[in-house]
Number of protein chains: 8
Amino acid sequence: MNPHLLTEILGLLQDGTNSLEQTLKELKDFPAERVKDACIDHQREIRTGIPEVIYGAAKSVEQIITIARAQIATGGPVIATRVEREKAKQVQLVLPECHYHERASMLTCLERRATAPSFRGEALILCAGTSDIPVAEEARVTLEALGSPVKTIYDIGIAGLHRLLLHREVISQASVIIVVAGMEGALASVVGGLCTAPIIGVPTSVGYGASFGGVSALLTMLNSCAPGLAVVNIDNGFGAACMAFSINRQNPTG
Amino acid sequence: MNPHLLTEILGLLQDGTNSLEQTLKELKDFPAERVKDACIDHQREIRTGIPEVIYGAAKSVEQIITIARAQIATGGPVIATRVEREKAKQVQLVLPECHYHERASMLTCLERRATAPSFRGEALILCAGTSDIPVAEEARVTLEALGSPVKTIYDIGIAGLHRLLLHREVISQASVIIVVAGMEGALASVVGGLCTAPIIGVPTSVGYGASFGGVSALLTMLNSCAPGLAVVNIDNGFGAACMAFSINRQNPTG
Amino acid sequence: MNPHLLTEILGLLQDGTNSLEQTLKELKDFPAERVKDACIDHQREIRTGIPEVIYGAAKSVEQIITIARAQIATGGPVIATRVEREKAKQVQLVLPECHYHERASMLTCLERRATAPSFRGEALILCAGTSDIPVAEEARVTLEALGSPVKTIYDIGIAGLHRLLLHREVISQASVIIVVAGMEGALASVVGGLCTAPIIGVPTSVGYGASFGGVSALLTMLNSCAPGLAVVNIDNGFGAACMAFSINRQNPTG
Amino acid sequence: MNPHLLTEILGLLQDGTNSLEQTLKELKDFPAERVKDACIDHQREIRTGIPEVIYGAAKSVEQIITIARAQIATGGPVIATRVEREKAKQVQLVLPECHYHERASMLTCLERRATAPSFRGEALILCAGTSDIPVAEEARVTLEALGSPVKTIYDIGIAGLHRLLLHREVISQASVIIVVAGMEGALASVVGGLCTAPIIGVPTSVGYGASFGGVSALLTMLNSCAPGLAVVNIDNGFGAACMAFSINRQNPTG
Amino acid sequence: MNPHLLTEILGLLQDGTNSLEQTLKELKDFPAERVKDACIDHQREIRTGIPEVIYGAAKSVEQIITIARAQIATGGPVIATRVEREKAKQVQLVLPECHYHERASMLTCLERRATAPSFRGEALILCAGTSDIPVAEEARVTLEALGSPVKTIYDIGIAGLHRLLLHREVISQASVIIVVAGMEGALASVVGGLCTAPIIGVPTSVGYGASFGGVSALLTMLNSCAPGLAVVNIDNGFGAACMAFSINRQNPTG
Amino acid sequence: MNPHLLTEILGLLQDGTNSLEQTLKELKDFPAERVKDACIDHQREIRTGIPEVIYGAAKSVEQIITIARAQIATGGPVIATRVEREKAKQVQLVLPECHYHERASMLTCLERRATAPSFRGEALILCAGTSDIPVAEEARVTLEALGSPVKTIYDIGIAGLHRLLLHREVISQASVIIVVAGMEGALASVVGGLCTAPIIGVPTSVGYGASFGGVSALLTMLNSCAPGLAVVNIDNGFGAACMAFSINRQNPTG
Amino acid sequence: MNPHLLTEILGLLQDGTNSLEQTLKELKDFPAERVKDACIDHQREIRTGIPEVIYGAAKSVEQIITIARAQIATGGPVIATRVEREKAKQVQLVLPECHYHERASMLTCLERRATAPSFRGEALILCAGTSDIPVAEEARVTLEALGSPVKTIYDIGIAGLHRLLLHREVISQASVIIVVAGMEGALASVVGGLCTAPIIGVPTSVGYGASFGGVSALLTMLNSCAPGLAVVNIDNGFGAACMAFSINRQNPTG
Amino acid sequence: MNPHLLTEILGLLQDGTNSLEQTLKELKDFPAERVKDACIDHQREIRTGIPEVIYGAAKSVEQIITIARAQIATGGPVIATRVEREKAKQVQLVLPECHYHERASMLTCLERRATAPSFRGEALILCAGTSDIPVAEEARVTLEALGSPVKTIYDIGIAGLHRLLLHREVISQASVIIVVAGMEGALASVVGGLCTAPIIGVPTSVGYGASFGGVSALLTMLNSCAPGLAVVNIDNGFGAACMAFSINRQNPTG
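Sequence positions are assigned chain by chain, starting from 1 and proceeding in written order. Just so you know, chain letters begin at A and ligand numbers begin at 1, following the order they were written in. The predicted nature of this model means local features are confined to residues of pLDDT at least 70 and side-chain atom pairs, given and counted, to a pLDDT of 80 or more, with totals for whole chains, interfaces and linings taken over all residues.

Draft legend 1. Molecular detail of the overall build of chain A. When its secondary structure is counted, chain A shows eleven helices and eleven strands. Within the span of chain A, comprising 254 residues, buried residues form 60% of the whole. We call two residues in contact whenever the C-beta atoms placed from their backbones are within 7 Å. Taking contacts inside chain A between residues at least 6 apart in sequence as the whole, the part at least 24 apart equals 65%. In this description a helix means any DSSP run of H or I spanning at least four residues, a strand means any run of E spanning at least two, and both kinds are numbered starting from the N terminus. Each residue is classed by its C-beta neighbour count within 10 Å, where at least 20 other C-beta atoms makes it buried, 12 or fewer makes it exposed, and intermediate counts make it partly exposed; the C-beta atoms are placed from backbone geometry.

In structure tokens:
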């Protein structure tokens, strides 16, 4: 199977190998498999470089098992985010090959991952407070599941600036940096003034009162005057990891 | 005239010096002078330590002159904020003793200021970007008008953290610090982690898009995890100066 | 140990006592101790005058115990905010020297506190309604833990203005005032018009409907026309106490 | 013409005086007169006690003249709000019987007003700052146009509480009170704790930064713990006057 | 006891009956009784015409009992809002004279209410949907507790306009109308166009999605073009009743 | 019974068949039946083409049963939305003829539905993710209850655009399309660029962080540049179905 | 030219008439013509039934002329919205065949429109106040440009409900209704309770204070309990017309 | 000069070449040059790879000239954003070597740029509508100023999806993609589902009504379910270019 699927299919139509009906049927059946109400997009990895991931928050144990099974059957990895411990245990009863990451609330089954792409360097995850760690862990587990090397430094809040400065060397060597911070979220700006790597800010919902569930940190990061900084949704460790993976791949377009 | 006005007036009533009618009349006439629609609170300085200030934004040239004249007549200082240059010029034609502070958009007439209170030390104003300077200047001119020693360091954004670190000594010696910052407003947090003096954050409306007219900087400062930091309204350099003055006075309650 | 740590360490480097490697190692090991994922900032008290405080809301019993133990071991005080009663009980089973403050939801262990700094006077906490008391108590316990004298007057809402006027003398003698109020939060403005001390407003999330979890009180306080008033985050009794402590210290910068 | 129009028209139908067609036609033609695109509701005064008022903000000089003329022709009063000075001058060129109220930005022509209803007492308008006066004036001119006795006290901000207390007697005698205040809008709460009359709060858009165009004052008033207080839209002096008129009328339902 | 307390006390000071110390002590002890942390404002009814009411939402059973007991002891009525059924039962075990109003979530004990003021007419409460009834009931029970005659019409949504028209006569006879409505809250506008009585709008938090907890209904009512309409906080049936009581009293200022 | 009820009743009045009293009584008694606090609008179907529907979210089991019984008694259909499973079970114990739709959280009893109107074609419901299915199901069950043919395609997110293109033919044949999508809600725009049928967007509250409970999807749909798209409230599958029914009816006005 | 363009082009590829290169070239050149930076989507009418429309607000006179010319050259209609009078005049100097609609701020050139589709009936536009007319006119001109019969009733606000009732017959005969209303926007709900036709609500930015630029009217309409109502963006008369056109077409999918 | 400045300076201190005083002085004088109130951070390019850029919006012509001159004098590039045409002309009178980019509102002087870093590939800028072009141009000019190869495709809105598909090949070859879109901003999601390159979304303030100055597009992009997408502030073409530059550099950390 190759990424230029449409061209290939059009070619088969043109050279008479396939009829117009066959062509349309193939387009319908192949890349997306319908499993009850869910529609699994096996072709997604080819198109975007990132396999389809199960967003576990609003899915039942049964739905997770159904989709995970289909993914395992086609040789794909299983990456499920936002799976509570209780749900995860029930999934593991049926699919013991799945591994549960407690702090990240993720389930993974990564047996396939034989030939990961090559990477530009090491991704670095910085985390402002201990309460932000679950989001940072979601990013870490995702990056590892996608094959990227990753390093973490946790609990280096901005109020103790010198803590950050002590890690300057590691920071300057990362190929891409994810900064996870709640409350005032200023860590991203500070890091942005210290390094050349692209930075992905992840505001978290940690805080109370006028943190408004992460809005404060989100606005801080969006308004940062540090260049080379972009932002993902509040608590979206997974999205940050995908962006970091996409940046860190050696030849994303080759 | 002394600060315990109410006690004094009650005393005169009690010892028979004044009748109840006189007492009530005195209370009515004395501390607040009615000038057309405005009501000048001459007693305010006694009650709060800060003289009544003219908020010029919504007042006509005529209104400013009327109030300023009454203040000068009773020997008080004139401090007017948010006076545009054109308005100021017209006021100065009539009241040439008023001085206009261009960058602060303020008018002052401070001849009275003979015996300022003594102060704990020097107030320090830090300003993140050149666009924030007008707000910082409003704070500076106000502090000077109130008699407090004040020092300023402008344009030390957080993206260039080392700039800030170079000023560490000055920062550590201030008796109170005002931090003026727009956009992501993180400077207050960083300074808050470096010093023991109380810090007053002034978010500014500098920025665009998701800075939402200063809301971003306001939220950042309110959510700061640096202890010893409190916040005033967006662009409120005047209010920050009043708070700093109140903190910096030697014996505010003595 | 002394506050001019950086200078000292640079000195040892310059006079050859320490090598560059030693210097860097010392900087790394000394001021911040890594305890699992948490990083305890022992130097914080030196830098900011306020010891590191445990924000208990998002921490497990285990995490609180680990950090508290490390703080006790280095002779520091333990101050933990937002610790629910159940959590606190479990911490006390292991660390019986900790005291639980029911209404403030705080845990403290203050054996060290031998030589508190001297203070300018007495801090005063005013509280608008009975529902605001937990936030006021967080401020009170924190101020006491930091060694500051503190007095409280609770339940003096603005709708009964005369109640407030009855306390005028106490108000006029405080060296710094914390005003805790939810709903319309107007108490801060009223107090601000009556006294010369700096005022710290703490909006609370008490209310319903258009109080929007404290936003109404926050906006009221930010827009107050009373001079000498600054504001902290909604429900942030702890932050208000830190600011009050910082103001009330005799020689914060000496 | 009488208020029970519908009953009357039904009666004429029932007793055979009018046919069904005539009835429907009458209903169509009578109470609302179509003037170009505008539809003048002559019956409104009967239904609600308040004549139709011209909202001038979005109308052209020509539209205002057209509607005013039709109102004058049917013997009704002309009350137009939010008419800028320039527009007003042009209207007066054509309709010199109209009077322009500068500070209220209103145009009125009140020749008809022979038999005003009787009133319970005097309405009182309190205004916090000089910048709030235009809104207070809109309320005053409207109340006068509707025939109600009205008194005003302007510029009694909350920061100088004693100013307010000096007017306690006038406040306690009003039959209904309108409180006009911007910024933190706390004046309404304070007044609400002092009197028995119903209070109508009018938040104004006076302020800057976190006053958010009047939202701060609006929220303060909505969250006031003073009983007997209700609120109208930001800057809506006209609406407050209508409510006050409705309350102050002797026999609104008689 | 009489409403002109301050005058009276000043008189006793003036004629020498009381010393200055006595006067101050009397002022301190009399009108507000301190019960633990709560401060009961016995004088409130004299000042505002409405007795102090217990806001039960954030109070413990014990706190409610303490305050209620003090009110009963001084002959006052007990009116407590937002008391959940479970709490109410426990209060009734101790104070069986209290009556619980299930749908209004209120506790009252009204034995004193001998000489209610005379009223202008009947207050009318209109309620848009069945889900809004608890808020309407809070208004009804409060009005009854304050002695005002009151009538209710429930479940007359705007989508069935004819339902409303059927009640036109009752509506036209009310002396004041409370309109309780959630979701789009348009009922207040429609009623406002039909009657001469003052209308108090109570937006409710009934709805979902873009009703934003009552904000939609609140904005609708604030922007109503019907004259003679003012608004209270979301779900504030109690506040609406206080306003209605204040309007409906025969001689509020007499 | 016929839709021109008012005309008919006026006719009976005119020709003397009925007296004015009878007429008014008839108007009062007939079209709306009062069941305790609820007022059932039997005439609604005649006026709007859609029978009165029970909004179950804020109703007790008892209330639902009372209203459903009255509807069954008058031969009408029962359509109840937002009924949780537990509530539904209890209703079914009493009214076993009601059917519960698990995923839609709806209860229906549709025995009457003999002569549905004729329709223009088939309504189509598109659903972006598996988490949006409950809202889509609410739309589907409602459309079926109203008699309209309906087809569904679930889980065709925008990130896999080709999935959507595979269904182009079905999309192009629908007479009206409902697009249900949370998070960024872009599916509506994409579909809007592909077809000629009117589209009804239903934003859902699916998402986290900056999805703000469906606000993000709502704004996306409101700002769509695709023509022929209108929007209903967040999670309002029922409302979308009513709009679709209204569009899909053959002769809505005939 | 026919609507099944893609099928046709695939057919030509399959039967060998066109090569793969030709096919791709054709796809690229044909349906979208690049005019400087703008890309005109000639195929849009085929896909969606509505021709590409020029959004004039952010375009220069030159850009409008360029695009209009290209549309005229290919025989298409020109429909440009939000074109200020001055801009329009300059466009007309060059393209005198364009007609300017003053109140709608639209430019049209409709010579082509020979064979409009057949329609189900007459679209009706209801408009609450005179200030809302420009938005209503945008809808009317658009509907006429698209060939649909359309009727308008302007200035029938909800405060004068009887005005609305007088038009009941016209309302009951429309095949689709557009309701344009600002401020509280309740007109849509009222109309929704009176008719069977689908209703499209257009909130307008008319109002001040808490109307928040149309947000109030938008929320009212989104939360309406009237079934058969959907909403478009604030001030989006054009979008409402497109939706109405789409609904009103006889065979949108035939 | 080299990037490890701090190490180098510490080395000179250690080996006795420099005294502690000299070291501190050097740190103070060197990397940041003070020009009146502005502080130019010459070292920024070393630290972050991106030279200091002049944010022209809030600066006077004089301030821009002063800073630009200092940058030219030290051999650096001048990159100034948000400079209006009039201001630019005046700057060019003094500094004719500056080039003005009309559509981007930028001034640049790039003579130095001899040895740009090597890049991974070509950055691609996609722009949804003609009104979004100024933001896209800001990104393009910035990328060119920083030396990166860049390609643009403008005006490919999501409503005409096939336009986008025609450019699939170019999209699949880019090394990083910037998507600029206002209104509903869905283009970023659609592109995100089609390619493997990292995507930077730039919401624009284009739109009206519920686009809320770009908030709608911002939320859409933040909530996108397409992986590999991060977002910058509204209208921040410059920030997106910095992020893209940072990603596209061959060896950012080497």
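More follows now that the structure is in view.
Draft legend 2. Here's a closer look at the pairing of strand β4 (residues 78-81) of chain B. All names here are of chain B. Covered by surrounding structure in β4 are Val78 and Ala80 together with Ile79 and Thr81, the residues of both alternating faces. Looking at chain direction, strand β3 (residues 54-55) and β4 are connected through two bridges and run parallel. Residue pairing across strands places Tyr55 opposite Thr81, the latter belonging to β4. You can see the chain leave β3, run along helix α4 (residues 61-73) and come back into β4, and the turn it takes is right-handed. Strands qualify as paired when DSSP identifies two bridges or more between them. Convention used here: a crossover is right-handed provided that the path from the first strand, over the helix, to the second strand proceeds clockwise when the strands point away from the viewer.

Draft legend 3. Representation of the domain arrangement of chain A. Residue and element names in this part refer to chain A. The assigned domain composition of chain A is domain 1 (29-109) and domain 2 (123-248). With twelve residues of domain 1 in contact, the opposing surface of domain 2 contributes 13 residues. Elements with a contribution of two residues or more to the side of domain 1 that touches domain 2: β4 (78-81) and β6 (106-109). Domain delimitation in this document rests on an assignment produced automatically or drawn from a domain database.

Draft legend 4. Structural view of the environment of Cys195 of chain H. Residue and element names in this part refer to chain H. Following the sequence through the fold, Cys195 ends up in the loop between α9 (187-192) and β10 (199-203). On the neighbour-count criterion, Cys195 (23 C-beta atoms within 10 Å) is buried. Residues Cys195 and Gln173, 22 residues apart in the sequence, show an inter-C-alpha distance of 8.6 Å.

Draft legend 5. Structural context of the relation of the copies chain B and chain A. The copies were overlaid with a least-squares fit restricted to C-alpha atoms from residues scoring a pLDDT of at least 70 in each copy. Between chain B and chain A, which share one sequence, the superposing operator has a rotation angle of 180 degrees and an axial displacement of 0.0 Å; the RMSD is 0.1 Å. Here the two chains are linked by the operation of a two-fold rotation axis. Taking the C-alpha atom as reference, chain B places Ala186 of chain B closest to the rotation axis, 2.7 Å from it.

Draft legend 6. Inspection of the interface of chain B and chain A at higher detail. At the interface, 25 residues of chain B touch 25 residues of chain A. Of all the secondary-structure elements, those providing two or more residues to the side of chain B that touches chain A are α9 (187-192) and α10 (215-222) of chain B. Looking at the side of chain B that touches chain A residue by residue, the classes come out as 13 nonpolar, eleven polar and one charged. Residues are grouped as follows: nonpolar covers Ala, Val, Leu, Ile, Met, Phe, Trp, Tyr, Cys and Pro; charged covers Asp, Glu, Lys and Arg; every other residue, Gly included, is treated as polar.

Draft legend 7. Quick peek at the sheet that holds strand β3 (residues 54-55) of chain D. Residues and elements named next belong to chain D. Judged by pairing direction, the sheet is mixed, and its four strands sit side by side in the order β3-β4-β6-β5 without closing on themselves. Of all the strands in the sheet, just β3 and β5 (99-101) have a single pairing partner and so form its edges. In this structure, β5 lies alongside strand β6 (residues 106-109), joined through three bridges in antiparallel fashion. Paired with Tyr100 across the strands is Leu107, a residue of β6.

Draft legend 8. Local environment of the packing of helix α4 (residues 61-73) of chain D against helix α5 (residues 85-94) of chain D. Residue and element names in this part refer to chain D. Interaxial angle, 0 to 180 degrees, is taken between N-to-C directions of lines fitted to C-alpha atoms, where a helix line uses only the stretch in contact. Close contact between α4 and α5 brings their axes to 10 Å; oriented N to C, the two are set at 45 degrees. Here α5 runs oblique to α4, going by the angle between their axes. The hand of the α4/α5 crossing is right-handed. Residues Val61, Ile64 and Ile65 of α4 form the contact with α5, whose participating residues are Lys87, Gln90, Val91 and Val94. An angle below 35 degrees is treated as roughly parallel, one above 145 as roughly antiparallel, one from 65 to 115 as roughly perpendicular, and anything else as oblique. Left-handed describes a crossing whose near helix is turned anticlockwise from the far helix by less than a right angle; the clockwise case is right-handed.

Draft legend 9. Examining the pairing of strand β7 (residues 123-127) of chain F more closely. Residues and elements named next belong to chain F. In terms of burial, β7 is a largely internal element, five of the five residues being buried. Here β7 runs beside strand β8 (residues 150-154); their pairing, made up of five bridges, is parallel. Among the inter-strand pairings, Ala123 is bridged to a residue of β8, identified as Val150. Where the polypeptide runs from β7 across helix α6 (residues 133-145) and back to β8, its parallel neighbour, the crossover connection is right-handed. Bridge count for β7 against strand β9 (residues 176-181) is five bridges, and the pairing is parallel. Within β9, the residue paired with Ala123 across the bridge is Val176.

Draft legend 10. Local environment of the interface of chain H and chain A. Contacts between the two partners involve 32 residues from chain H and, on the opposite side, 32 residues from chain A. Elements supplying a minimum of two residues to the side of chain H that touches chain A: α3 (44-48), α8 (168-173), β11 (229-231) and α11 (237-248) of chain H. For the side of chain H that touches chain A, the element with the highest residue contribution is α11 of chain H, accounting for five residues. Partitioning the side of chain H that touches chain A into residue classes produces 17 nonpolar, 14 polar and one charged.

Draft legend 11. Looking closely at the sheet that holds strand β6 (residues 106-109) of chain H. Residue and element names in this part refer to chain H. The four strands lie next to each other as β3-β4-β6-β5, forming an open sheet whose pairing is mixed. Strands at the two margins of the open sheet, each flanked by one partner only, are β3 (54-55) and β5 (99-101). With three bridges joining them, strand β4 (residues 78-81) and β6 adopt antiparallel strand pairing. Its bridge partner being in β6, Val78 is matched across the sheet by Cys109.

Draft legend 12. Spatial organisation of the confidence of the model for chain A. All names here are of chain A. Confidence of the predictor at the level of single residues is given by pLDDT, which spans 0 to 100. Per-residue pLDDT for chain A has a mean of 82; in total, 77% of the residues score no lower than 70. When the elements of chain A are averaged for pLDDT, strand β1 (residues 32-35) gives the smallest value, 49, and strand β10 (residues 199-203) the largest, 97. Here residues 27-32 is a poorly scored stretch, pLDDT under 50, and it has twelve contacts once near neighbours within four places are set aside; other chains count. For this predicted complex, the interface score ipTM comes out at 0.82, while the overall pTM is 0.84.

Draft legend 13. View of the packing of helix α6 (residues 133-145) of chain D against helix α11 (residues 237-248) of chain D. Residue and element names in this part refer to chain D. The contact between α6 and α11 brings their axes to 7 Å, and the two run at 40 degrees. Judged by the inter-axis angle, α6 sits oblique to α11. Considering how the two elements wind past one another, α6 and α11 form a crossing that is right-handed. Of the residues in α11, those touching α6 at Val135, Ala136, Glu138, Ala139, Thr142 and Leu143 are Gly237, Phe238, Ala240, Ala241, Ala244 and Phe245. When grouped by side-chain class, the residues that make up the contact of α6 with α11 number nine nonpolar, two polar and one charged.

Draft legend 14. Representation of helix α11 (residues 237-248) of chain F. Residue and element names in this part refer to chain F. Take the residue count of a helix, subtract one, and multiply by 1.5 Å to get its expected span. Counted at 1.5 Å a residue, the expected span for α11 with its twelve residues is 16 Å, and the 16 Å between its end C-alpha atoms agrees. Burial analysis of α11 places twelve of its twelve residues in the buried class, which makes it a mostly covered element. For α11, the full list of buried residues reads Gly237, Phe238, Gly239, Ala240, Ala241, Cys242, Met243, Ala244, Phe245, Ser246, Ile247 and Asn248.

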